[in-house]
Amino acid sequence: MSETTAGALQSARGGGLFASPSETSGTTGKFTEDRFQTRARALFYARLAFLVLGLGVIGVPAWSQAFGVGGPGAFAIYLVMVAYSAANYVFLPKPRVGRLLTFATLCADLCVLVWLVSMTGGLRSPLLAAQLLFTTLFVVLFPTPLAVVPPLLTFPVVAKLDQLLGGHAMVQIDIFILLWYSAINCILVYVMVYLNERDRMKHKELQKLSHAVREMAVIEERNRLAREIHDGLGGVLSSVVIQSEYLLNMIDGSEVRSRLQGTSEARAAIIPTIRKEISDLHSAAEDSMDELRRSLRMMKEDFDLVATLGDYCKMASGRYRLEVRFSRVGRERLVGPESALGLFRVLQESLTNVSKHCAKGTVIDVTLTFAPGKARLTVQDRGKGFTLPSDTTSLSREGHYGLANMRERANKVGGQIRMTSEPGKGTCIELTVHAGEEQQR
């Protein structure tokens, strides 16, 4: 027995015909109930079509004579069908009541079909083929093997009524018709239940996959925020800590302490130094606030990339005492938020590295080049440069994580990064990312 077939039989034993969503778990129960509601409404509209056709049978004399369903009795049955169809639709939103009523009304429809078949030839009536439609409706609404029971009961009932009304016993052809329709019903129910169980299993797999994707998205977002805090705000706050420690050590030092406790001239001489350090600390705190605002601004999709890069170059020139020259080449194109953030962080990391390893006043040319389908950031400094190892991963092992962070950002946005450096010729870093259509700026 296949896994899906075993699951179908287990589902039939566990849920039954009238299993409500409260008897199943979570989103699976909601999915099952939504599916039932949709199919039950489809049954209602199909039943309306049959009711319109039945009204024609009752109203047209030739048709009513052919079917033998004329008179007040037929009209009364028709009104009863209209009444329970409307009641079924009204109570459909109530899970368990709606299921029970739908099952009961389908059984009532089957009784009407048995009556019509008995009046038009019994087992040899052309209307008997409509029984297959009811089998389909039962198994679509109640997808278990037990759904075949009510439709199958129509055959012995029709055969018995045929004997009573027609006054003749069953012959070989009648037995064959019974076996033929019974086999078709069983095959139909098996196929429908099998396919329904496969859909249910696929739905469960999609639920698990969706849950895993959501968890991965949360983890990825946490990692991204951690990188942004580390690369942006973390660096600025680190400088605040270093400067505050230096200021505390300076105040606690014996020389400064003696001056503060000495004459007014000595105190006046040390105060400018302390004031300068406090001013630098205040500036660093302001820079951290600016960095926080910039990070929040860059998380939006509509921030101005060119203006942001240009402003940061101006700010870095003053903070690090470097000569940073920014230029744009080509017509500006739309760059996605992740790619734009990657460009900014690579610029930030590059200028930070230059400030650490190069002299004050070093010239840095920053160029943002737009071309069809791409945007390229080039950071070329005229510092002392260095010899790149053949294996750039060794830089990370030696504690230089800047290039590793740049490569990680480039891979994340599907970009390409290239780094070249030679002693005495400076260092050049290029990051190329995808860019879309031109912007009117």
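Data block above holds the structure.
Residues numbered from 1 in each chain as written. Predicted model: local features only at pLDDT ≥ 70, side-chain atom pairs only at ≥ 80, totals over all residues. Heavy atoms only, no water.

K.L.:
Before we go on, may I ask you to explain the overall build of the protein in this structure?
P.N.:
Per the secondary structure count, the protein includes 14 helices and five strands. Here the protein holds 441 residues, and 38% of them are scored as buried. The contacts of the protein with a sequence gap of at least 6 include a subset with a gap of at least 24, amounting to 74%. Within the structure as shown, the protein displays about 24600 Å² of accessible surface, and the carbon and sulfur contribution to it stands at 63%. (Helix = DSSP H or I, 4+ residues; strand = E, 2+ residues; numbered from the N terminus. Buried < 20%, exposed > 50% of the residue type's maximum accessible area, 1.4 Å probe, protein only. Contact = heavy atoms within 4.5 Å. Areas by Shrake-Rupley, 256 points an atom, 1.4 Å probe, with all protein chains shown as cover.)

K.L.:
Sorry, what's going on with unusual backbone geometry here?
P.N.:
Among all residues except glycine, the phi angle is most often negative; among peptide bonds, the trans geometry is most common. Not every positive phi belongs to a glycine, and Arg-321 is a case in point at roughly 60°. Looking at where Arg-321 falls in the secondary structure, it is placed in the loop between helix H11 (305-320) and strand S1 (323-329). Residue Arg-321 is classed as exposed on the basis of its relative accessible area of 57%.

K.L.:
It is not clear to me how the packing of H11 against helix H12 (residues 337-357) should be interpreted in this structure. Could you clarify?
P.N.:
When two helices pack together, their arrangement is captured by the angle between the axes and the distance separating the axes. Interaxial distance between H11 and H12 falls to 11 Å at its minimum, and their mutual angle equals 15°. Regarding the angle of H11 to H12, the classification is roughly parallel. You can see that H11 and H12 cross each other, and the crossing is right-handed. Judged by residue contacts, Leu-305, Thr-308, Leu-309, Tyr-312, Cys-313, Ala-316 and Tyr-320 of H11 engage Ala-340, Leu-343, Phe-344, Leu-347, Gln-348, Leu-351, Thr-352 and Ser-355 from H12. (Axes fitted to C-alpha atoms, helices over the stretch in contact; angles between N-to-C directions. Parallel < 35°, antiparallel > 145°, perpendicular 65-115°, else oblique. Left-handed = near helix turned anticlockwise from the far one by under 90°.)

K.L.:
Is there a simple way to explain the nonpolar core in this structure?
P.N.:
The nonpolar side chains of a soluble globular protein tend to be buried with one another. The biggest cluster of nonpolar side chains holds 35 residues, and the ones touching the most others in it are Val-335, Leu-347 and Leu-377. Those elements giving two or more residues to this core turn out to be H11, H12, strand S2 (363-371), strand S3 (374-381), helix H14 (402-412), strand S4 (416-422) and strand S5 (426-434). In contact with Leu-347, not counting residues within four places along its chain, are Leu-309, Tyr-312, Cys-313, Val-366, Leu-377 and Val-379. Formed by 27 residues, the second largest nonpolar core is a distinct cluster that contains Phe-134, Phe-138, Leu-141 and Ile-177. (Core = buried A, V, L, I, M, F, W, Y, C linked by side-chain atoms within 4.5 Å.)

K.L.:
Any chance you could explain the side chain of Asp-381 here in plain terms?
P.N.:
With respect to the helices, strands and loops of the structure, Asp-381 is situated in strand S3. Among buried charged residues, Asp-381 stands out as having no salt bridge; its nearest opposite-charge side chain is Arg-382, 8.5 Å away. One polar contact links the side chain of Asp-381 to the main-chain amide nitrogen of Gly-383, over a distance of 2.9 Å. When neighbours within four sequence positions are excluded, Asp-381 is seen to be in contact with Val-354, Cys-358, Val-363, Ile-364, Lys-425, Gly-426 and Thr-427. (Lys, Arg positive; Asp, Glu negative; His and termini not counted. Salt bridge = Lys/Arg side-chain N within 4 Å of Asp/Glu carboxyl O. Polar contact = N/O pair within 3.5 Å; in protein donor to acceptor, adjacent residues only side chain to side chain.)

K.L.:
Would you mind showing me how to read the sheet that holds S4 here?
P.N.:
For sheets, the rule is that strands pair by backbone hydrogen bonds, running either parallel or antiparallel. Judged by pairing direction, the sheet is mixed, and its five strands sit side by side in the order S1-S2-S3-S5-S4 without closing on themselves. One side of each edge strand has no neighbouring strand; the edge strands of this open sheet are S1 and S4. Within this sheet the neighbouring strands show an average axis-to-axis angle of 10°, counted without direction. In the sheet, S2 pairs with S3 via eight bridges, with the strands oriented antiparallel. From the neighbouring strand, Val-366 faces S3, where its bridge partner is Val-379. H12 contacts S1, S2, S3, S4 and S5 of the sheet and is inclined by roughly 175° relative to S5. (Pairing = 2+ DSSP bridges.)

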